[in-house]
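A look at the structure
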Amino acid sequence: MKNEYPKVGEICPPCENAPKNEENPQKSSDLPEKMQAAAPDAAQEPAAGMPGGIPAETRCAEPAAKNPPPDAAPPVMQRKEEPASRLDAVFAGVFFVVAWLFWRMQNSLGQPWFYNRGMTQNIGVFWFTLIFVSVVLCWLYRSGHRPAGESWFWLCILIALGGAFALPYGGDLLGAVHYLALLAAASYWVLSASGRLISGEKSSNFLFFDVLHMTFVLPWCNFGRLFAIVHSWFRQCRSRRAQQKKQGQAKKSGGFGAALAGLGVAAMFLMIVMPQLFLADAGFEALWDSMFAGIAAWLNRWLLTDWLETVLVQLVFTIPTAMYLYGLVYGCIHGRYLEHTDSIQDPQIAQGLRIVPRITANIALAVLCGVYAVFLAVQANYLFHAFFGTLPQGFSYAEYARSGFFELCRVAAVNLCILLGANSLCRTPRSENKALRRLNILLSALTLLLLTTAAAKMGLYIYAYGLTEKRVLVSVFLIWLAAVFTAVIVMQLRRVELVRFAVILGAVMFTLLCLLPVGRGIQAYNDFFCKNEPVLTEPYEYSGDYA
């Protein structure tokens, strides 16, 4: 039986190491036949180092091993940086100007940012908000991004918060919180407009991670990108120009360096010539002295003003501010250091967090609800006096209102965290746990009753002593908490995005609080109250809790 041996092309495909015989194609065509003829002999006596008797000159080079040796070190993963574009380099300079305006425009009236004793708080804050929004939108559109749908809502919130600083009221405690809210809204809007939220285009249950990204990850991890982009862009320009010069495409010109060299040579000659000209003509010497004296006097006046000191201080703060703002916007546009956002949304991670057994979560919530029910039953006579406008025996208005008010608010906040934790950590999802849904409703209803009691106490205190800014803030916070717990009850019956609802509602309520003349409303209410209500027999005592 004749043995059939594979041809060379079947053993190894032709490669660059294969022999080439272009001079004698006939010899190349006869090579397979010769190999077949010599195959039996070669099979019996294979050549050393030549498997199967295939001649060495017909074998390809051995392919490189696909797997590295076991003792080889693992490859080091390095971040692949995108080349700096001209657009990024231009906006690096733009954000330096923006950062300078951040410090310059907010002190345009010479007052603190939330000052409220003039015609406006500080109109410079409003103008800077418009400039910042325009610059970010321009960079987004020029880089090919289109703002997400929800980002327009946050843009309205941002402009409204900035515009409130142009109104002739506000400030004090509300003004300080107002300014912090403006900074947070600006950062969150940039994150939303660039589509870099964890969920993509809208707020979600991953709000905590979004806040971490906009506050720490993006601005601080990209803190040095402003100078890195500028340096990289100049290197690319120099490399491109050197390549063009090498190819003979660069235009030959004197350049800026040649002009500086000419000025240096002229100055050197003038040092020799000018003394001789002064000796030759006294009038020319007097003209020169007058010109130099005028320049020196102008520089002296400019250096002695407080304006230079202010500008220098602003420039010192401008550099880190520019790096922070540029790092935030650059990170949002290019997604730098946001590569891990997909892993946060991995359903396996959420499933891995569900470690609490079903019966454990249900019993814990049931016991908690039982304790609240007993507390309300025991304290009913004391707690519900506020609904009827009466005081328990032995209490004054101030003592009754302050007694337990902040404790009830803290209990409501703790209950909200307990509900979020129980529904997120329970092994059985809420959709499959009927008892958990019922306990959610019961605990939310009991919390709403506690909040209603606290609100009634606050109303009784306001009726007795009038309004203040702090009391208004506390009252609005109570309303927001009540709305959130109502949404928790609705969520057990139909789909509700609780975190998104709470964030949007809180943003709208606080923005309205900043836009409306709260201070004037407080003054008007107190004036009306003093004119139409009899004077209380109980003297008013200042309280730090309800100042």
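What counts and how
Residues numbered from 1 in each chain as written. Predicted model: local features only at pLDDT ≥ 70, side-chain atom pairs only at ≥ 80, totals over all residues. Heavy atoms only, no water. Helix = DSSP H or I, 4+ residues; strand = E, 2+ residues; numbered from the N terminus. Buried < 20%, exposed > 50% of the residue type's maximum accessible area, 1.4 Å probe, protein only. Contact = heavy atoms within 4.5 Å. Areas by Shrake-Rupley, 256 points an atom, 1.4 Å probe, with all protein chains shown as cover. Axes fitted to C-alpha atoms, helices over the stretch in contact; angles between N-to-C directions. Parallel < 35°, antiparallel > 145°, perpendicular 65-115°, else oblique. Left-handed = near helix turned anticlockwise from the far one by under 90°. Nonpolar A, V, L, I, M, F, W, Y, C, P; charged D, E, K, R; others polar. Patch = residues over 30% accessible without salt bridge, like charges linked within 9 Å, V, L, I, M, F, W, Y side chains within 5 Å. Salt bridge = Lys/Arg side-chain N within 4 Å of Asp/Glu carboxyl O. Expected span 1.5 Å × (residues − 1). Arc of directions from axis to C-beta. Phe/Tyr/Trp six-rings, centres within 6.5 Å; stacked < 30°, edge-to-face > 60°. Bend = angle between axes of the 7 residues up to and from the residue. pLDDT = per-residue confidence, 0-100. Core = buried A, V, L, I, M, F, W, Y, C linked by side-chain atoms within 4.5 Å. Polar contact = N/O pair within 3.5 Å; in protein donor to acceptor, adjacent residues only side chain to side chain.

We now examine the overall build of the protein. Broken down by element type, the protein carries 21 helices and zero strands. When the 547 residues of the protein are sorted by exposure, 33% land in the buried category. Considering only intrachain contacts with a sequence separation of at least 6, the fraction spanning at least 24 residues in the protein is 79%. Surface exposure of the protein reaches about 33,500 Å², of which carbon and sulfur atoms provide 65%.

Next up on the list: the packing of helix α5 (residues 149-163) against helix α20 (residues 498-515). For the pair α5 and α20, interaxial distance at closest approach is 9 Å and the crossing angle is 25°. Comparing the axis directions of α5 and α20 gives the class roughly parallel. Every pair of crossing elements has a handedness; the one defined by α5 and α20 is left-handed. Contacts from Glu150, Phe153, Trp154, Ile157, Ala160 and Leu161 of α5 reach α20 at Arg500, Val503, Ile504, Ala507, Val508, Phe510, Thr511, Cys514 and Leu515. For the contact of α5 with α20, the residue count by class is 12 nonpolar, one polar and two charged.

Residues Val265, Met268, Phe269, Met271, Ile272, Val273, Leu277 and Phe284 make up a contiguous nonpolar surface patch of about 780 Å² in total accessible area. Sorting elements by how many residues they give to the nonpolar patch places helix α9 (residues 255-280) first, with seven residues. Along the chain, Phe284 turns up in helix α10 (residues 282-304). According to the relative accessible area criterion, Phe284 is partly exposed, its value standing at 31%.

Attention now moves to helix α14 (residues 358-378). In this model, α14 (21 residues) spans 31 Å end to end at C-alpha, consistent with the 30 Å of a helix rising 1.5 Å per residue. Among the residues making up α14, those that are buried are Ala361, Asn362, Leu365, Cys369, Tyr372 and Leu376. Projected onto a plane normal to the axis of α14, the buried residues spread over an arc of 95° and lie on a single side. What points out from α14, more than 90 degrees from its buried face, is the exposed set Ile359, Val367, Val374, Ala377 and Val378.

Here the focus is the pattern of salt bridges. The tally for this structure, following the rule as stated, stands at four salt bridges. Between Glu150 and Arg500 there is a salt bridge whose closest N-O contact spans 2.8 Å. Remark: Arg500 occurs in helix α20 and Glu150 occurs in helix α5; sequence separation between them is 350 residues. Looking at Glu150, the relative accessible area reads 8%, which means it is buried. For Arg500, a relative accessible area of 26% corresponds to the partly exposed category. Between Glu407 and Arg410 there is a salt bridge, with its nearest N and O atoms 3.5 Å apart. Of this pair, Glu407 and Arg410 both sit in helix α17 (residues 405-425), three residues apart, roughly one helical turn. Of the residues examined, Glu407 reaches a relative accessible area of 41% and is grouped as partly exposed. Via salt bridges that share partners, Glu150, Lys202, Glu497 and Arg500 belong to a single interconnected network.

Let us look at the packing of aromatic side chains. Following the criterion strictly, the structure yields 18 aromatic pairs and no others. A centroid spacing of 5.8 Å and a plane angle of 55° characterise the contact between Phe95 and Trp139, whose relative ring orientation is tilted. Of the two residues, Phe95 sits in helix α3 (residues 86-105) while Trp139 sits in helix α4 (residues 123-142), which places them 44 residues apart along the sequence. We note that Phe95, like Trp139, is buried. Ring geometry for Phe126 versus Trp127: centroids 5.5 Å apart, planes at 50°, classification tilted. Note on Trp127: relative accessible area 44%, which makes it partly exposed. Members of the aromatic cluster, connected to one another through ring pairs, are Phe91, Phe95, Trp139, Tyr326 and Tyr330.

A separate point is helix α7 (residues 207-221). Over its 15 residues, α7 extends 20 Å from the first C-alpha to the last, a length consistent with the 21 Å expected when each residue adds 1.5 Å. The sharpest bend along α7 measures roughly 45° and falls at His213. Taken as a whole, α7 has its buried residues at Leu207, Asp210, His213, Met214, Leu218 and Pro219.

The next subject is the confidence of the model for the protein. In this model, the protein carries a mean pLDDT of 76, and residues with pLDDT of at least 70 account for 69%. No element of the protein has a lower mean pLDDT than helix α2 (residues 25-44), which averages 45, and none a higher one than α5, which averages 93. pLDDT under 50 marks residues 108-118. Its contacts with residues more than four places away, or in other chains, come to 27 contacts. The low-confidence segment residues 534-547, where pLDDT is below 50, has 26 contacts with residues more than four positions distant or belonging to other chains.

If you look at the biggest cluster of nonpolar residues, it comprises 94 residues, and the most contacted ones within it are Phe95, Phe132, Val136, Trp139, Trp189, Tyr326 and Phe485. Excluding its chain neighbours within four sequence positions, the residues that come into contact with Phe132 are Phe95, Val98, Ala186, Trp189, Val190 and Leu325.

Inspection of the secondary structure assignment puts Arg430 in the loop between α17 and α18 (434-465). Of the residues examined, Arg430 reaches a relative accessible area of 25% and is grouped as partly exposed. With 62 residues separating them along the chain, Arg430 and Gln492 place their C-alpha atoms 8.2 Å apart. Beyond its immediate chain neighbours, meaning those up to four positions away, Arg430 contacts Asn423, Leu436, Arg437, Asn440, Met491 and Gln492.

What follows is about the side chain of Asn433. With respect to the secondary-structure elements, Asn433 resides in the loop between α17 and α18. There is a polar contact of 3.2 Å between the side chain of Asn433 and the backbone nitrogen of Leu436.

As a further point, take the packing of α3 against helix α8 (residues 225-246). At a closest axis distance of 9 Å, the pairing of α3 and α8 adopts a crossing angle of 130°. Regarding the angle of α3 to α8, the classification is oblique. Pair α3 / α8 crosses with left-handed handedness. Seen from α3, the contacting residues are Arg86, Asp88, Ala89 and Ala92; seen from α8, they are Leu226, Ile229, Val230 and Trp233.

Note on placement: Val98 falls in helix α3. Those residues in contact with Val98 that lie beyond four places of it in its chain are Phe128, Phe132, Val135 and Leu325.

Keep in mind that most residues, glycine aside, have a negative phi and that most peptide bonds are trans. The backbone phi angle of Tyr337 is positive, close to 70°, even though this residue is not glycine. As for its position among the elements, Tyr337 is in the loop between α11 (306-334) and α12 (341-344). We classify Tyr337 as partly exposed; its relative accessible area is 27%.

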